[in-house]
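# Close look at the chain arrangement
Next come the chains, spelled out residue by residue.
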Amino acid sequence: MSLDELTLQSAMDLSSMITKGDLSPVEITQAYLARIEKYSHLNAYITVDYEGAMNAARIAEKELSHGLIRSPIHGLPVAVKDQFHVKGMRTTLGGNIYDKISTKDATVVARLRDAGAIFLGKLNLSEYALGGNIEHPFGVPKNPWDITRQAGQSSSGSAVAVAASLCSAALGGDTAGSIRGPAAWCGIVGLRPTWGAVSRYGAFPMAWFMDTIGPMTKTVKDAAIFHYAIAGNDPKDIYTSKRTVLPFDHTLGLKGLRIGIVRESLDNGMASEHVIDAFNTAMDVFRDAGALVEDASLPLFEQGGLIANTLSDVEAAHTHRHWLREQPNDYDFATRRRLMAASLISGAMYTKLSRFRMLMRRDVMSALHQFDVIVTPAQAGGAPLIANETNLTSKEAVISQFFGLRSHRSPFNLSGVPAMAIPCGFTGDGMPVSIQIAGQPFAENLLFQFGLEFQNRTDWHLQRPDL
Amino acid sequence: MRDLTHEEILSQLQALDLHPMDAIDLDEITNRVNAINQAISGLEDPDADLMEPAFVFWLTEENDEPR
């Protein structure tokens, strides 16, 4: 297998070769850097740190050759969304306003660095991690399965980089679906962890009570290893949990575990025919694995997009208030209009939405007391074409674009529970489709258990785009 | 709740020292605000007023055993 072909392998397959001495961190880093150059038209990266990556690879190689194995991540080339600070690297947040060399590592970056990861660079994103912008200062991230299509919002560069094998794994941020959405549209695994499981120190905020950071990977096993590396208490983020993070036990099966299908995620036109077909086939896989699959209900499911997007937009409007006043021209036009609109949402409306957030949390927790996990499609349909305009020329157009069909991932952001997107098929025109599995707070390992069993029985995670 | 007019939206924005770039900006901002207000006004649940809008959840799970 050539070095270029090796980049297509999962992170844990590479890790196994590296720790056995069969693969050089220097050579695999060079191979990823070459691919980043070759496929630069995908606009996955904002910053590539050729020199820093090669220096780190040489250090990793030396350590490993002396028998020092820091973790399963040691020697793996990775990249992070340009929403997180990496000491010595440029941070842009994907926009035109902020452009600084970071003087410190975000906690998630420091933890990956301590685990021996090699940083290839910073990944493209929707500006300020908001999602929804049309003009991208660093180029529109293109979906590797069809470069005329969107890669999702807002951890789009992270999803493109993993799907196109431009890094072994990436980190993204998920406030209202921004890890699982791009993961689903690009055919990779994306985990939004429990709110409070992973430190947000050193990450630019959107909505503090929903912001999370998680892994975006080729396989569930990779996601489990990277989540374990970054999770856990951090005194620099007072909202991180103090509970012990346990490693994932690969040996557990699904026999007798209960899955609840959220009916509202499938009915009333909430998902396309191809998505529903792939979803139903995935449920058969779980049944074959011994799980008990039944129907569950989240009555407010369709309202998830409205509640989550409006709350997070109002929070973002406050964060951006100075730039919005002083440099409105430096925003993408869609972002500017969105933030200005959110600036006018009344306190009464915000309070009403906050109460409905609690109702959603009540319903989700109630379902999760009845079932071990609840499942939905991760998206309504395949990735749409790259847009040039917002086309929000009426109130009805706004409602149809932003609420309802945008709700698949939001109920779990609102509830603070973990949720993971896993590829489960393709649409008729070849775009990836994913299921979403959600569990009780801090039940990430249970999600990995379901995901691993699914990937042991299917090969969707082994498909690679033809670049 | 009735829809706000372009003039009302512009007036509220100006009070916040926010300035749309042009008429297209103002039109879309108006559509967004009216859509959000209409959608939120339509939310109904008998328990809504009984729920306290807490922000932080994980404290309630701190003492539970991980699964």
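Residues numbered from 1 in each chain as written. Chains lettered and ligands numbered in written order. Predicted model: local features only at pLDDT ≥ 70, side-chain atom pairs only at ≥ 80, totals over all residues.

### Describing the overall build of chain B
- Looking only at helices and strands, chain B has two helices and zero strands in total.
- Within chain B, buried positions represent 27% of all 67 residues. (Helix = DSSP H or I, 4+ residues; strand = E, 2+ residues; numbered from the N terminus. Buried ≥ 20, exposed ≤ 12 C-beta atoms within 10 Å, placed from the backbone.)

### Quick notes on the interface of chain A and chain B
- Taken together, the contacts link 50 residues of chain A with 38 residues of chain B.
- Contributing elements (two or more residues each) for the side of chain A that touches chain B: α10 (304–319), α11 (321–326), α12 (333–342), α13 (347–370), α14 (395–402) and α16 (444–457) of chain A.
- Of all the elements, α13(A) adds the most residues to the side of chain A that touches chain B, at 11 residues.
- Within the side of chain A that touches chain B, the residues separate by chemical class into 25 nonpolar, 14 polar and 11 charged. (Contact = placed C-beta atoms within 7 Å. Nonpolar A, V, L, I, M, F, W, Y, C, P; charged D, E, K, R; others polar.)

### Re the environment of A:Lys62
Residue and element names in this part refer to chain A.
- With respect to the secondary-structure elements, Lys62 resides in helix α4 (residues 50–65).
- Since 12 C-beta atoms lie within 10 Å of it, Lys62 is described here as exposed.
- When the C-alpha positions of Lys62 and Val26 are compared, they lie 9.9 Å apart, and in sequence the two are 36 residues distant.

### Description of the sheet that holds strand β9 (residues 258–262) of chain A
Residues and elements named next belong to chain A.
- In space, the 11 strands of this open sheet follow the order β1-β5-β2-β6-β8-β7-β12-β13-β11-β9-β10, with mixed pairing throughout. Edge positions in the sheet fall to β1 (45–48) and β10 (292–296), since each of these pairs with one other strand and no more. In this sheet, neighbouring strand axes are inclined to one another by 30° on average, regardless of whether the strands run parallel or antiparallel.
- In this structure, strand β6 (residues 169–174) lies alongside strand β8 (residues 212–217), joined through five bridges in antiparallel fashion. Paired with Ala170 across the strands is Met216, a residue of β8. (Pairing = 2+ DSSP bridges. Axes fitted to C-alpha atoms, helices over the stretch in contact; angles between N-to-C directions.)

### A word on the packing of helix α8 (residues 220–230) of chain A against α16(A)
Residue and element names in this part refer to chain A.
- Taken N-terminus to C-terminus, the directions of α8 and α16 make an angle of 160°; their axes are 8 Å apart at the nearest point. Taken together, the axes of α8 and α16 lie roughly antiparallel to each other. Crossing geometry of α8 relative to α16 is assigned as left-handed. In this structure, α8 uses Val220, Lys221, Ala223, Ala224 and His227 to contact α16, whose residues at the interface are Glu444, Phe448, Gly451, Leu452 and Gln455. (Parallel < 35°, antiparallel > 145°, perpendicular 65-115°, else oblique. Left-handed = near helix turned anticlockwise from the far one by under 90°.)

### Observations regarding the packing of α10(A) against α12(A)
Residues and elements named next belong to chain A.
- Direction vectors running N to C along α10 and α12 enclose 100°, while the axes themselves pass 8 Å from each other. Our classification of the angle between α10 and α12 gives roughly perpendicular. Contacts from Asp313, Val314, Ala316 and Ala317 of α10 reach α12 at Arg338, Leu339 and Ala342.
- Within the contact of α10 with α12, the residues separate by chemical class into five nonpolar, no polar and two charged.

### Focus: the domain arrangement of chain A
Residues and elements named next belong to chain A.
- Once the domains are mapped, chain A shows domain 1 (9–230) and domain 2 (258–462).
- The centre of domain 1, based on its C-alpha atoms, is set 22 Å off from the matching centre of domain 2.
- For the side of domain 1 that touches domain 2, the secondary structure elements donating two or more residues are α7 (180–186), β7 (189–192) and α8.
- Classifying every residue of the side of domain 1 that touches domain 2 gives 25 nonpolar, 15 polar and eight charged. (Domains from an automatic or database assignment.)

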